[in-house]
Every structure is written in C-alpha cells, then in structure tokens.
Amino acid sequence: MRIEYDIKLGFKDVMIRPKRSTLKSRAQVTLEREFKFLHSPLIWSGIPVMAANMDTVGTFNMALALADKKLCTTIHKHYTVEEWGKFAVSIPESYYNYIAVSTGIGKADSDKLKAIFKIIPALQMICIDVANGYSEYFVNFVRRTREQYPEKVIIAGNVVTGEMVEELLLSGADIVKVGIGPGSVCTTRVKTGVGYPQLSAIIECSDAAHGLGGQIISDGGCASPGDIAKAFGAGADFVMLGGMLAGHNESGGEIVERNGQSFRKFYGMSSSTAMTKHIGSVAEYRASEGKTVEVPYKGEVESTIQDILGGLRSTCTYVGAARLKELTKRTTFIRVNEQENQIYSE
Ligand code: 5GP
C-alpha cells in the first residue's frame, strides 16, 4: 500500500483570479475552437461543449438542438439501428460533425456501430465508453476500432490518470474522456471508494494528452457554468455535461407531475433504473453505481445553453482571453475555502 500526499482538487476548491484585460465586452469573445486530431484527418470546429451519452441527455432531439449552436452530442447507445435509420432522414449535412455514436465494447456493440455507419457513413465521431477504462480488453477494443475506422474521430474513456491517457492515445484514440466518480448521478466513489477529484484529473490528463498531440474531454461534475469555465481553465479541450442538460424538452426521462409542478426523471447509466430498462435487471455480481433523481422541468435547452455560453464568455472577459483557446493560458487558480454566498439559497 502507498499513499500520495499531495492534495487533489475539485471545482469547489478553487476560483479563477481576474486579470487586467483589453477586452471591452464579452461579445468580443469567441468560444469556437478548431481541432486537428492525432489519428483522424478530420478538422473539427465548433463550441467544445458536449451532451453526455446518457439516455436521459444524449438523445436525437438534444443532438439537433445542440448542433444548431455548433455543440456536440454523444448519442446514447440504446437507440436501435431502425431508430437511427429514421433519424438519418432528419439531419442535414452541416450536423454531421456534431454527432458522436456511442458504443460499448462487446461484439454486439461493434456490429451495431457498423450498421449505424452503413446508414450514415458521413458521421465522423465514435465514443467508446466504459465506466472503467483501465482494462486491457478495452484498450484492445480501441485498437481494433482504430484499425476498422482509420478516418473517424475516436473518443475513448473513462480514465483519470496520465499514463492511461497516453496508452489510449497510442492505441488509437484521438480524444480521451476523463472522469471517474464526479458525476451528478454517480455513486462510484461511495460504492467502491475509487475516484479522482475532477480538477486535478483534468490538469494531469490534459498535460499528458497535449504532450502527445491528443485532446481530452472533462466528463462529469459540472454543476454550474462556472465549473465549466474552471474545467476549460484547467486544460480541458471539451467539457461533457449530463445533469446540467437533463430535464429539458429535448432530454429523455419520464415526465412526472407532483403538486402542480413538472419534473423529469434523470438517472445514471449504471443505476438500477437504467439497468432494469436496458438489460432487464441488475446482474447478480454487480452493484448499481448510479442514482435516480427527478429534476425540475426546465423547458427548451436553448436557454440553458445561452446561460452556459454567456457565463463562459464572461469568464474569458474577466481574464482577458479573446478566444476560449486562450483560457487555460490565462487562468490562475486560487485555492479557496468558500464559493458562493448561500444566504438566500433554499
Ligand atoms: P454530470 O454532468 O451529470 O455531473 O456527469 C455526467 C457523467 O456522469 C456522464 O457523462 C458519465 O460519465 C457519468 N455517469 C453517468 N451515469 C453514471 C452512473 O450510473 N454511474 C457512474 N459512476 N457515472 C455515471
């Protein structure tokens, strides 16, 4: 047994220090970025905020709404090939770069991936997603997928340490998804004791990825636009959101009425709700590692996106970053023992 004594940080442990700037208005800030990838020849441009591949978040409707604003959606893996077929009809070409197809690592998953690309060959991104990205089997799956799809952008995760980011990039991933345990409906840290505070995970993993010419997605733990700004400030190339995009018209999840108020169900992909829905039950050998909650109905996702992007532009203005790309370079984090004033919170 070993102990690492340097303290790892989460979003709540820091704030971003303001800096003198020549920017006059947040309207001058551009959030669009352009990325070249380690393996794929694609050049991607857009706003690097993504909807998570959860069946309550990464839906076809979410993809259409976000692509309109040049944001990405990783579509959850539970749509059937027939449903993809119907969706294919409704997407114009300009949306192709904003839609990632998610897959697990079984034989049935790779067969389905093939079938989806047969229907829409122009889709560019694959998200290979497992809760624990440390297994050799997963790395081999990433390698085989790269061989099969040399041109596609491959996202692989989740991991939280630099050496595994490097291994995945060298095995064929273009982008590594980072986060174990920070998610709003995740109970991994409680059930297993395993995890890594997200801000430190981003700092360490982005350093490893950028050294090789790869990118990372910070996945999970953002509860406010300020957290998203901190994730970018720490070095994330993309930020993935679950809970912040749940509960909208475009999200999935049963609608529940209570005392005249509307809620939408939101649950982790390893929750017993999700496992019962998609597999029939929670397998005997495993525990559920996700929660089921009800979030207040929030209407169209467009206003939430506007709030997020407005917050990000404002962060950039506070530190003098004319482009989101400059935010990391212009970020100085300060360690804090307080966040917002709670006096009027419920
Ligand atoms: P959020 O933005 O809600 O904080 O985090 C979203 C992320 O939580 C997802 O992208 C995914 O990585 C993670 N997640 C989703 N469902 C589960 C689950 O059931 N268990 C765990 N451990 N993580 C989950």
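Relevant structure appears above.
Let me sum up the structure you'll find in this document. (Residues numbered from 1 in each chain as written. Predicted model: local features only at pLDDT ≥ 70, side-chain atom pairs only at ≥ 80, totals over all residues. Heavy atoms only, no water.)

### Quick notes on the site of the ligand
Argument step 1. Neighbouring the ligand are 20 residues, the closest being Ser184, Thr188, Asp219, Ser270 and Glu289.
Argument step 2. Contact distances for the ligand include 2.9 Å between an oxygen atom and a backbone N or O atom of Gly221.
Argument step 3. The backbone of Gly242 places a nitrogen or oxygen atom 2.7 Å from an oxygen atom of the ligand.
Argument step 4. Coverage of the ligand by the protein amounts to 90% of the 530 Å² it exposes when considered alone. (Near = heavy atom within 4 Å. Polar contact = N/O pair within 3.5 Å; in protein donor to acceptor, adjacent residues only side chain to side chain. Areas by Shrake-Rupley, 256 points an atom, 1.4 Å probe, with all protein chains shown as cover.)

### Observations regarding the pattern of salt bridges
Argument step 1. The tally for this structure, following the rule as stated, stands at 13 salt bridges.
Argument step 2. One salt bridge connects Asp55 with Lys277, and the closest N-O pair in it is separated by 3.7 Å. Of the two residues, Asp55 is situated in the loop between strand 4 (49–51) and helix 1 (60–67) and Lys277 in helix 9 (residues 272–278); the sequence distance between them amounts to 222 residues.
Argument step 3. Asp111 is paired through a salt bridge with Lys107; the nearest N and O atoms lie 2.9 Å apart. With a gap of four residues between them, Asp111 and Lys107 both fall in helix 3 (residues 107–119), about one helical turn apart.
Argument step 4. The exposed category is assigned to Lys107, whose relative accessible area is 59%.
Argument step 5. Taken together, the salt bridges that share partners define one network made up of Asp6, Lys8 and Glu204. (Salt bridge = Lys/Arg side-chain N within 4 Å of Asp/Glu carboxyl O. Helix = DSSP H or I, 4+ residues; strand = E, 2+ residues; numbered from the N terminus. Buried < 20%, exposed > 50% of the residue type's maximum accessible area, 1.4 Å probe, protein only.)

### A closer look at the pairing of strand 8 (residues 153–159)
Argument step 1. In terms of residue burial, strand 8 counts as a mostly covered element, since seven of its seven residues are buried.
Argument step 2. Pairing analysis gives five bridges linking strand 7 (residues 125–129) to strand 8, with the strands arranged parallel. When the sheet's bridge partners are listed, Met125 is paired in strand 8 with Val153.
Argument step 3. Following the chain from strand 7 across helix 4 (residues 136–148) to the adjacent parallel strand 8, one finds a crossover that is right-handed.
Argument step 4. With four bridges joining them, strand 8 and strand 9 (residues 175–178) adopt parallel strand pairing. Its bridge partner being in strand 9, Val159 is matched across the sheet by Val178.
Argument step 5. A crossover connection joins strand 8 to the parallel strand 9 through helix 5 (residues 162–170); in handedness this β-α-β unit is right-handed. (Pairing = 2+ DSSP bridges. Right-handed = clockwise from strand over helix to strand, strands pointing away.)

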